[in-house]
Amino acid sequence: MLIGLCGGICAGKHAIAEYLIEHQGFRLLELASQPSSRTITDEPDDHLRLQASQVSKTGATPPEHIFQTPESLLDFVTKHWQQRWVTTDIADGETLDRFILRPFFLLVSVDAPVSLRWKRFSDRCWRRQLDPPDLEKFVLWNDRHLYEKDIGRVYLTDRAQARLFNSSSSLEELHQSLQTLDLGDEQRLRPNWDQYFMQLASLAAQRSNCMKRRVGCVLVRERRVISTGYNGTPRHLTNCNEGGCPRCNRGDGGGVGLSTCLCLHAEENALLEAGRERIREGAILYCDTCPCLTCTVKIAQVGISEVVYAHGYNMDESSAAILKSAGPSNGLVYLQASSE
Ligand SMILES: [Zn+2]
Ligand SMILES: [Zn+2]
Ligand SMILES: [Zn+2]
């Protein structure tokens, strides 16, 4: 795999690269800086030297691990994907576009409070007997580095698949969290089946038109999607969020006047769409919210084998009890919402 680290000045990307190299078998790949990617040309040389010298203390990069173009670096990793590589040299969106297409690549961003980054930077200056910049000057560098139009790094960090906030003042603490985090875990590169279908359910939820809550659902059998559903008013009726359901639009508390609600639930829509014939034994229902009681009895009736949900609702235990007694079933599986 290849990890790309990006982040603000002294946020800790070089410290993280060093950790990966020293403790997790990663090796550094360098990209010779491209003229177009040189972001800050008027910064003091001291600063640039500091930036460049941080990783190199782990040992000079062999020349075969220094690349002139993003393509040549990617070609190299394509041939050596089973080894672990890290780079801190992704400097612009165009380069990132190329990297992020590859299945072996993970972009990790790292951020830290600006006061702490200034302190780290100043400490580093003192160690090299250089005068540190005052906070205002550092903030100005930082603003350019992150937010300058077209070249600011914030356009990169926004696209990171994993985001770290490095607020620890000691390297030891950082190493401990990195050990727990295990960035080199290959599973980060690709969602597993449960994560994949749950993400599809969350995507379906975005189509919801119910004023009360967005919910999405996906029905799956043998790892194939049978149907999807989201909640809202039935077809040909005005959408709930355009006033279609008076009950939902009254804004009374949750659960009030449920019997007068015109909205179909995401699970109901997915079950209706699939039809009983296609559901059969072994079907799994993914829902981003735990099914309510009325949906649960329908789920039990059509013979769904397993229900996976990401967020609790106010009747999880009663729903679980119904599914349990409806067996044969693998029951209710609670998936922790992904923190990334
Ligand atoms: Zn509604
Ligand atoms: Zn309603
Ligand atoms: Zn329901």
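Let me sum up the structure you'll find in this document. (Residues numbered from 1 in each chain as written. Chains lettered and ligands numbered in written order. Predicted model: local features only at pLDDT ≥ 70, side-chain atom pairs only at ≥ 80, totals over all residues.)

1. Quick look at the overall build of the protein chain
Within the protein chain one finds 13 helices and 12 strands. Across the 340 residues of the protein chain, 33% fall into the buried class. The contacts in the protein chain between residues at least 6 apart in sequence include a share of 69% that link residues at least 24 apart. (Helix = DSSP H or I, 4+ residues; strand = E, 2+ residues; numbered from the N terminus. Buried ≥ 20, exposed ≤ 12 C-beta atoms within 10 Å, placed from the backbone. Contact = placed C-beta atoms within 7 Å.)

2. Points about the nonpolar core
Nonpolar side chains in soluble globular proteins tend to end up buried together. Ranked by size, the top nonpolar core spans 37 residues in total, and within it Ile3, Leu5, Ile16, Leu20, Val86, Leu107 and Val108 carry the most contacts. Going through the elements one at a time, strand E1 (2-7), helix H1 (13-23), strand E2 (26-28), strand E5 (84-87), strand E6 (105-111) and helix H5 (114-127) are the ones with two or more residues in this core. Core analysis: the next-biggest nonpolar cluster, separate from the first, contains 32 residues, Met198, Ala266, Val307 and Ala310 among them. (Core = buried A, V, L, I, M, F, W, Y, C linked by C-beta atoms within 7 Å.)

3. A closer look at the environment of Leu20
With respect to the element layout, Leu20 can be found in helix H1. Its 22 C-beta neighbours within 10 Å are what place Leu20 among the buried residues.

4. Some points on the environment of Leu146
For Leu146, the position within the fold is in helix H6 (residues 135-147). Beyond its immediate stretch of four places on either side in the chain, Leu146 contacts Gly8, Gly152, Arg153 and Val154.

5. Quick notes on H5
The end-to-end C-alpha distance of H5, which contains 14 residues, comes to 20 Å, matching closely the 20 Å that a straight helix rising 1.5 Å per residue would cover. Of all the residues in H5, the buried ones are Arg117, Trp118 and Phe121. Projection of H5 onto a plane perpendicular to its axis shows the buried side chains occupying an angular sector of 100 degrees, all on one side. Exposed residues pointing more than 90 degrees away from the buried face of H5 are listed as Ser115, Asp123, Trp126 and Arg127. Taken together, the buried residues of H5 touch H6. (Expected span 1.5 Å × (residues − 1). Arc of directions from axis to C-beta.)

6. Here's the deal with the pairing of E1
For E1, the tally of buried residues reaches six of six residues, placing the bulk of the element in the interior. Of the two faces of E1, the one holding Leu2, Gly4 and Cys6 and the one holding Ile3, Leu5 and Gly7 are both buried throughout. By the bridge criterion, three bridges tie E1 to E5 in an arrangement that is parallel. Paired with Ile3 across the bridge in E5 is Val86. Examined bridge by bridge, E1 and E6 share six bridges and lie parallel to one another. Looking at the pairing, Leu5 lines up with Val108 of E6. (Pairing = 2+ DSSP bridges.)

7. Side note on the sheet that holds E6
Strands pair in a sheet through their backbones, by hydrogen bonds, and they do so in one of two ways: parallel or antiparallel. One open sheet accounts for five strands, arranged E2-E5-E1-E6-E7; its pairing is parallel. Each edge of the open sheet is held by one strand with a lone partner, namely E2 and strand E7 (162-165). Sheet twist, expressed as the average angle between the axes of neighbouring strands with direction ignored, equals 25 degrees. (Axes fitted to C-alpha atoms, helices over the stretch in contact; angles between N-to-C directions.)

8. A word on the environment of Ile100
Of note, Ile100 is situated in helix H4 (residues 93-100). A count of 17 C-beta atoms within 10 Å places Ile100 in the partly exposed class. Along the sequence, Ile100 and Gly4 sit 96 residues apart, while their C-alpha atoms lie 9.6 Å from each other. Apart from the residues lying within four places of it in its own chain, the contact partners of Ile100 are Phe105, Leu107 and Arg159.

9. Some points on helix H8 (residues 171-181)
Counting buried positions along H8 yields one of 11 residues, so the element is predominantly exposed. At the exit of H8 stands Asp182, carrying a positive phi of roughly 50 degrees.

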